[in-house]
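Listed below, chain by chain, are the residues.
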Amino acid sequence: MGERIGVFGGTFDPIHVGHLVAAVNARAALGLDRVILMVANVPWQKAGTRVVTGAEERFALVQAAVGDVPGLEAGRLELDRGGESYSADTLAELHGLHPDAELFLVVGWDVAFDLPSWERIEHVKELATLVLVNRPGAGRPRGLDGDGWRVVEVSVPNLEISSTDLRSRAAEGRPLDYLIPESAVHFITSHGLYAVGR
Ligand code: ATP
Ligand code: MG
């Protein structure tokens, strides 16, 4: 039997405990061998709307945050591929690398609403089972079943945390502690990330 691999894509600018709690709960609920927190190289949805922290720095933050938590890992396929990051390409690449694996694409409720705008979405549907995790501030998406997806839902603790809020906190000198794992906070402070106005 092949591996069951979860792919949790994001900009992770920066990673926070909302991401990590969702990832470990999806892994446990679905019996996934591992969940890859897949760092977007150029997040095409966000490019041009705000300055995005360098991909290598965001990847280092995810690595620091994941530490040695069993079954969680930081993924750099999209960095190594370069250019804009599309889940269709990432899932195709993972399928090529692990032909026997079953792939699960984990998305929060807010992202689920954007799926129709994704590049080559039909290909994504063929390659992965969609895993919906609840996120405060977004409604529960409906009708995806009828749209040809294989969908499962995983209930995770509601944590009202976003990278957008964390970037404001950092810029204003408010604490990031306990919203981001300590190792990643250390990386942020030692590299002077998000420190606008401090
Ligand atoms: P930003 O505010 O910059 O958009 P974000 O907090 O939404 O950042 P992303 O990197 O955009 O983080 O999200 C990556 C994935 O994590 C998405 O599928 C998103 O729905 C999910 N996610 C982010 N925060 C949470 C949370 N608090 N609870 C559950 N899922 C979350
Ligand atoms: Mg987001």
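Details of the structure are given in the entry above.
Residues numbered from 1 in each chain as written. Chains lettered and ligands numbered in written order. Predicted model: local features only at pLDDT ≥ 70, side-chain atom pairs only at ≥ 80, totals over all residues. Heavy atoms only, no water.

Draft legend 1. Focus on the overall build of the protein. Along its length, the protein carries eight helices and six strands. When the helices and strands of the protein are listed from N to C terminus, the series reads β-α-β-α-β-α-α-β-α-α-β-β-α-α. Since a compact globule built from 198 residues should have a radius of gyration of about 16 Å, the 16 Å found for the protein is in line with a globular shape. Expressed along its principal axes, the backbone C-alpha trace of the protein runs to roughly 50 × 35 × 35 Å. Taken over 198 residues, the protein has a buried fraction of 47%. If you take every contact in the protein between residues at least 6 apart in sequence, the share linking residues at least 24 apart comes to 69%. (Helix = DSSP H or I, 4+ residues; strand = E, 2+ residues; numbered from the N terminus. Rg over C-alpha atoms; globule rule 2.2 N^0.38 Å. Buried < 20%, exposed > 50% of the residue type's maximum accessible area, 1.4 Å probe, protein only. Contact = heavy atoms within 4.5 Å.)

Draft legend 2. Up close: the site of ligand 1. Taken together, 22 residues surround ligand 1, and among them Lys46, Asp110, Arg135, Ser163 and Thr164 come closest. In the environment of ligand 1, an oxygen atom lies 2.9 Å from a nitrogen or oxygen atom belonging to the side chain of His16. Contact between ligand 1 and Ser163: an oxygen atom at 2.8 Å from a main-chain N or O atom of the residue. About the coverage of ligand 1: the protein hides 92% of its 600 Å² of free accessible area. (Near = heavy atom within 4 Å. Polar contact = N/O pair within 3.5 Å; in protein donor to acceptor, adjacent residues only side chain to side chain. Areas by Shrake-Rupley, 256 points an atom, 1.4 Å probe, with all protein chains shown as cover.)

Draft legend 3. Inspection of the side chain of Ser85 at higher detail. Inspection of the secondary structure assignment puts Ser85 in the loop between helix 3 (77-81) and helix 4 (87-97). The exposure class of Ser85 is buried, given its relative accessible area of 7%. A distance of 2.7 Å separates a polar atom in the side chain of Ser85 from the backbone nitrogen of Asn41. Setting aside residues up to four positions removed in sequence, Ser85 forms contacts with Ala40, Asn41, Val42, Trp44 and Glu78.

Draft legend 4. Expanded view of the environment of Thr189. Relative to the helices and strands, Thr189 resides in helix 8 (residues 182-191). According to the relative accessible area criterion, Thr189 is partly exposed, its value standing at 47%. Distance in space between the C-alpha atoms of Thr189 and Ala170 is 9.5 Å, their sequence separation being 19 residues.

Draft legend 5. Structural detail: the packing of aromatic side chains. Applying the stated criterion across every chain yields a total of two aromatic pairs. A ring pair is formed by Phe8 and Phe12, whose centres lie 6.3 Å apart and whose planes are at 80 degrees; its orientation type is edge-to-face. The same class applies to Phe8 as to Phe12, namely buried. Note on Trp44 and Tyr86: the rings are 5.9 Å apart at their centroids and 35 degrees apart in plane angle, and the pair reads as tilted. Here Tyr86 lies in the loop between helix 3 and helix 4 and Trp44 lies in the loop between strand 2 (34-39) and helix 2 (55-66), a separation of 42 residues in the sequence. (Phe/Tyr/Trp six-rings, centres within 6.5 Å; stacked < 30°, edge-to-face > 60°.)

Draft legend 6. A look at the pattern of salt bridges. Enumeration over the complete set of coordinates arrives at 15 salt bridges. Residue Asp80 pairs with Arg76 through a salt bridge whose shortest N-O separation is 2.9 Å. Residue classification places Asp80 among the exposed positions, given a relative accessible area of 53%. With a relative accessible area of 27%, Arg76 lands in the partly exposed category. In the salt-bridge network here, residues are joined through shared partners; they are Glu3, Arg34 and Glu73. (Salt bridge = Lys/Arg side-chain N within 4 Å of Asp/Glu carboxyl O.)

Honestly, that's just the spatial picture; any functional story needs more than this.
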